[in-house]
Amino acid sequence: MKTKITKLLLMAVVTVFSVNVNAQTQKRNVMVGGGLSALDVGLTSKANIKFNLTPKAGFFVKDGLLIGLTTLFGIEHIGKEGNINIIDYGVGAFGRYYITDKNIEIVERGKFFFEANVGVEGRNQLKGGNKTNGLGLGFGPGFAYFLNSNIALETMLKYQGIVGFGDTAYRHDLMWSLGFQIYMPYKSRKAKL
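Note that the structure is a prediction, hence the values are computed from the model and not measured. (Residues numbered from 1 in each chain as written. Predicted model: local features only at pLDDT ≥ 70, side-chain atom pairs only at ≥ 80, totals over all residues. Heavy atoms only, no water.)

### What about the pattern of salt bridges?
When the charged atoms of two side chains with opposite charge come close together, those side chains can pair. Applicable threshold: Here, a salt bridge means any side-chain nitrogen of Lys or Arg that lies within 4 Å of a carboxyl oxygen of Asp or Glu. Starting at the N terminus, helices and strands are each numbered in turn, a helix being any DSSP run of H or I of at least four residues and a strand any DSSP run of E of at least two. Only protein chains enter the area calculation, which uses a 1.4 Å probe; residues under 20% of their type maximum are buried, those over 50% are exposed, and those in between are partly exposed.
Under the defined criterion, the tally for this structure stands at seven salt bridges. Across the salt bridge formed by R96 and E115, the nearest N and O atoms sit 2.6 Å from each other. Within this pair, whereas R96 is found in strand β4 (residues 84-98), its partner E115 is found in strand β5 (residues 110-125), the two being separated by 19 residues in sequence. You'll find R96 and E115 in the same group, each marked buried. Its salt-bridge partner being D173, residue R171 comes within 3.4 Å of it at the nearest N-O pair.

See the structure below:
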């Protein structure tokens, strides 16, 4: 009896953790999730700790290539320099390319990707401080580790810039983030009928 239960549990664990990583990034699949940036290394100013939340949703237009929409909301508080509060915000489009070459695979359930985004973004200091609003651009590499066939944890190092108007015409940062994504297979409408 114990042997049968042990075998069943072992089979269940193997089934849950046996993942075909290429299946998640196939054409017509959907990705929904977001990232949390916890570290900002300011390239034009002193480095600060801040938090950005970036929800994302995308659609695979072909195997390994995703396009979608993203938003940004961030807040930063600098207490030692006069209690400065800064709000980051934005909305735009993003694209991802997942690298499928087995020669650069580190772990079996991991996949490298490159992401780029463009949209309308802003960084505004509350109570009359500096403002930068305009075209937001970003790009950088990332790595997704698939926990199972639908859920991945990811990390990304991304260059973010804002070109536009305000007190500062250009602002840029190097951001490190952690994310959580859900990959869902596309279901045709014919299957529901």
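After that view, the rundown keeps rolling.
### Examining the pairing of β4
For the record, the criterion: When DSSP finds at least two bridges between two strands, those strands are taken to pair.
The pairing of strand β3 (residues 65-78) with β4 spans 14 bridges and is classified as antiparallel. Bridged to L65 within β4 is Y97. Inspection of the sheet shows β4 paired to β5 by 13 bridges, in the antiparallel sense. Bridge assignment links G95 to a residue of β5, and that residue is A116.

### Looking at the pairing of strand β8 (residues 170-184)
Pairing geometry for strand β7 (residues 151-166) and β8, over 13 bridges, is antiparallel. Bridged to I162 within β8 is R171. Between β7 and β8, which follow one another and run antiparallel, lie three residues.

### Details of the environment of I182
Convention followed: Any two residues whose heavy atoms approach within 4.5 Å at even a single point are treated as in contact.
You can see I182 is positioned in strand β8. Taking the relative accessible area as the measure of exposure, I182 reaches 34% and is therefore partly exposed. Leave out the neighbours within four places in its chain, and I182 touches V30, M31, V32 and N150.

### Some thoughts on a nonpolar patch on the surface
Put simply, the rule reads: To count toward a patch, a residue needs a relative accessible area above 30% and no salt bridge. Like charges then connect within 9 Å, nonpolar side chains (Val, Leu, Ile, Met, Phe, Trp, Tyr) within 5 Å. Residue burial considers only the protein chains on display, and all accessible areas are found by Shrake-Rupley using a 1.4 Å probe.
A cluster of nonpolar residues, V32, L147, L153, F180, I182 and M184, forms a patch on the protein surface that exposes about 450 Å² of accessible area. Take the nonpolar patch: its biggest share by element is three residues, from β8.

### Here we look at unusual backbone geometry
In the Ramachandran plot, R28 falls in the positive-phi region, its phi being about 80 degrees despite a non-glycine side chain. Considering the arrangement of structural elements, one finds R28 in the loop between α2 (21-24) and β1 (30-42). The class for R28 is partly exposed, based on a relative accessible area of 39%.

### Comments concerning the confidence of the model for the chain
As a reminder, the rule being used: pLDDT expresses how confident the predictor is about each individual residue, on a scale running from 0 to 100.
Overall, the predicted model of the chain reaches an average pLDDT of 81, with 76% of residues at or above 70. The element-level mean pLDDT for the chain is lowest in helix α3 (residues 189-192), coming to 46, with strand β6 (residues 131-146) highest at 94. Between residues 189-193, whose pLDDT stays under 50, and residues either more than four places distant or in other chains, the model counts zero contacts.

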